[in-house]
Amino acid sequence: MSGSFDRIRVLIVEDNAHMSTILRTILQGFGVRTIVEVRDAADAFETMRDVNPDFALVDYMLGDLNGLEFTRLVRTASDSANKYLPIIMVTGHTDRSKVIEAINAGVNEYLAKPVRPVDLFHRITALIERPRRFIKASTYFGPDRRRRQDPRYTGPWRRSTDEEKATG
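Residues numbered from 1 in each chain as written. Predicted model: local features only at pLDDT ≥ 70, side-chain atom pairs only at ≥ 80, totals over all residues. Heavy atoms only, no water.

Even after reading the chapter, I still don't get the packing of aromatic side chains, so can you show me in this structure?
The way to describe two aromatic rings as a pair is by their centre distance and the angle between their planes. Within this structure, the stated rule accounts for six aromatic pairs. Pairwise contacts between aromatic rings join Phe5, Phe30 and Phe121 into one cluster. (Phe/Tyr/Trp six-rings, centres within 6.5 Å; stacked < 30°, edge-to-face > 60°.)

Encoded structure:
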């Protein structure tokens, strides 16, 4: 297992040093060698240019900019180093409204604290094995929020690619 993650570069955006250490230790256990830790969203946005991470673990509650604002900045800022950066939101906020808010901001995955290594592993492998295509709409840019295609869904078909399904 550790051989498969040894070339991955991870950015941890976590204001709590203890939690950041826990995440780093788990990642090191998976074999990740390049881990960069920052304490706030502004530093993370700048660090992305230098590190070019393969994905980021981002806390919901940070300093001046929270994890949602950071995600929106990554996805929509003209000077973003990588608008397609996979983002796993790691947070203690697990109520449905917060999860939906994070999804609508453009996170790829959502992970509740306390973090179990197996859950983090599953989120990382989901990013790698089942990446979701990105959607650009007037009010959203980010990974497709639909996790699966439901064969029982009968419409309305609203996407240009859905036209074929409606007639076919």
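Next comes the rest of the description.
Would you explain the sheet that holds strand β1 (residues 9-13) in this entry?
The pairing of strands in a sheet happens through backbone hydrogen bonds and is either parallel or antiparallel. On the basis of which strands lie adjacent, the open sheet formed by five strands has the order β2-β1-β3-β4-β5 and parallel pairing. For this open sheet the edge positions go to β2 (34-38) and β5 (109-112), each flanked by a neighbour on one side alone. Recorded for the sheet is a direction-independent mean angle of 20 degrees between the axes of neighbouring strands. Relative to strand β4 (residues 87-91), strand β3 (residues 55-59) is paired through four bridges, and the arrangement is parallel. (Pairing = 2+ DSSP bridges. Helix = DSSP H or I, 4+ residues; strand = E, 2+ residues; numbered from the N terminus. Axes fitted to C-alpha atoms, helices over the stretch in contact; angles between N-to-C directions.)

What am I meant to see in the packing of helix α3 (residues 67-76) against helix α4 (residues 96-105) here?
Each pair of packed helices can be summarised by the angle the axes make with each other and by the distance between the axes. Interaxial distance between α3 and α4 falls to 9 Å at its minimum, and their mutual angle equals 20 degrees. Put simply, α3 runs roughly parallel to α4. Regarding α3 and α4, the two cross each other, and that crossing is right-handed. From α3, Leu68, Thr71, Arg72 and Arg75 reach across to α4, where they touch Glu101, Ala102 and Ala105. (Parallel < 35°, antiparallel > 145°, perpendicular 65-115°, else oblique. Left-handed = near helix turned anticlockwise from the far one by under 90°. Contact = heavy atoms within 4.5 Å.)

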